[in-house]
Amino acid sequence: MEMETETERIRMLYFSLKAGSSAKGHWWSKVYWPLTEVGMGQEGKMLCCPVPEYYMKSRGWEEERLTDCLNELIHQVECEQYYLQPEVAGMVGIMEKLPPEILMNRLLHQVPCMEYLCCIGWEEEQQLLAGLLEPFLPRVNHINVVTDNPQAYDRFAEYVYGEYGIPMGSASKLGRNLGRDGRTVILDLKRDYHIPWQAFPKEAIYVDFWSVMEKRQLLEKYRRDAKYLSVVKFLDTIVKSGYNTRACLKIHS
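This write-up is about the structure you can find in this document.

Two side chains carrying opposite charge are able to pair once their charged atoms lie near each other. On inspection of all chains with the given rule, the structure shows 8 salt bridges. The closest approach of N and O atoms between Arg 59 and Glu 62, which form a salt bridge, is 3.8 Å. Owing to a relative accessible area of 40%, Arg 59 belongs among the partly exposed residues under this scheme. Salt-bridge contacts for Asp 225 lead to Arg 223; the nearest nitrogen and oxygen are separated by 2.8 Å.

A few words on helix α1 (residues 63–77). Compared with the 21 Å implied by 1.5 Å per residue over 15 residues, the 22 Å span of α1 between its first and last C-alpha is a close match. Every buried residue of α1 is accounted for by Leu 66, Cys 69, Leu 70, Leu 73, Ile 74 and Val 77. Taken around the axis of α1, the buried residues stretch over an arc of 135°, which confines them to a single face. Pointing more than 90 degrees away from the buried face of α1 are the exposed residues Glu 64 and His 75. Backbone geometry just downstream of α1 places Glu 78 in the positive-phi region, at approximately 55°.

Here we come to a negative patch on the surface. The grouping of Glu 63, Glu 64, Asp 68 and Glu 72 at the surface amounts to a negative patch. Here Glu 72 is to be found in helix α1. Since its relative accessible area comes to 36%, Glu 72 is described here as partly exposed.

A word on the pairing of strand β8 (residues 142–146). For a regular strand, side-chain orientation follows a simple rule: the groups alternate between the two sheet faces. Of all the 5 residues making up β8, 4 are buried; the element is thus mostly covered by neighbouring parts of the structure. As defined by bridge partners, strand β7 (residues 116–120) adjoins β8 across 5 bridges and the pair is classed as parallel. Among the inter-strand pairings, Cys 119 is bridged to a residue of β8, identified as Val 145. The β-α-β motif built from β7, the intervening helix α4 (residues 126–133) and the parallel element β8 has right-handed crossover chirality.

Once that is clear, we can look at the state of the cysteines. Counted under the stated rule, the structure contains 0 disulfides. Free cysteine: Cys 49, not disulfide-bonded; nearest cysteine sulfur from Cys 48 at 9.1 Å. Overall, Cys 49 belongs to the buried group, its relative accessible area being 0%. The thiol sulfur of Cys 79 is not disulfide-bonded, and the nearest other cysteine sulfur, from Cys 49, lies at 11 Å. Residue classification places Cys 79 among the buried residues on the basis of a relative accessible area of 11%.

Rules and cut-offs
Residues numbered from 1 in each chain as written. Predicted model: local features only at pLDDT ≥ 70, side-chain atom pairs only at ≥ 80, totals over all residues. Heavy atoms only, no water. Salt bridge = Lys/Arg side-chain N within 4 Å of Asp/Glu carboxyl O. Buried < 20%, exposed > 50% of the residue type's maximum accessible area, 1.4 Å probe, protein only. Helix = DSSP H or I, 4+ residues; strand = E, 2+ residues; numbered from the N terminus. Expected span 1.5 Å × (residues − 1). Arc of directions from axis to C-beta. Patch = residues over 30% accessible without salt bridge, like charges linked within 9 Å, V, L, I, M, F, W, Y side chains within 5 Å. Areas by Shrake-Rupley, 256 points an atom, 1.4 Å probe, with all protein chains shown as cover. Lys, Arg positive; Asp, Glu negative; His and termini not counted. Charge placed at Lys NZ, Arg CZ, Asp CG, Glu CD. Pairing = 2+ DSSP bridges. Right-handed = clockwise from strand over helix to strand, strands pointing away. Disulfide = S-S within 2.5 Å.

Written out as structure tokens, the structure is:
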């Protein structure tokens, strides 16, 4: 493996799927990994690596081969963190994980208004929730949690009411009564949550932290009034737009 240019220490390496592409044109070809550097403001820099869907033409990757390639890339660029698009995680047979907190934070800063919040699936991640929401809580009017165990949120409810005067309610299902049309943000941290797409306020912002393609497709088909946000959609938009990016490395293996 060789590297054409040197690079500064990178905060994050993002692996995205390049659908329909092949890593090799012929069996004797080398596999090149073009990396694009993306500025992330005060958070530092990120490298984006498109992963070809196939190893050669219509031949899929062997899981071990692709895993070795990605591990070698992570070691080569000496990144602090990395994140695999869910489809890429499936190709290497690893369990999906939540995006790094830095990406979740950047995602929430894409939300224009947080007056009414609905939180789904945060029972075990309330400390993370509090940290992510801290900059926005002064503008929040009300919080609802969708849960079958509202007692699990007692400490969080005490915190937001004591520090910011924000009342918090709970419900077992997502419904229109949990927000206001055009002023509601839904924070979904439940990977297998089945969205009741008819049941939430109009023009809501739906934040899917797991970047589940089926959820995105469902909302784009049945709730075009709603705005769907996810880490993968956010990252892919940055890469495609080319904003504040430059070619940085070309590595081959």
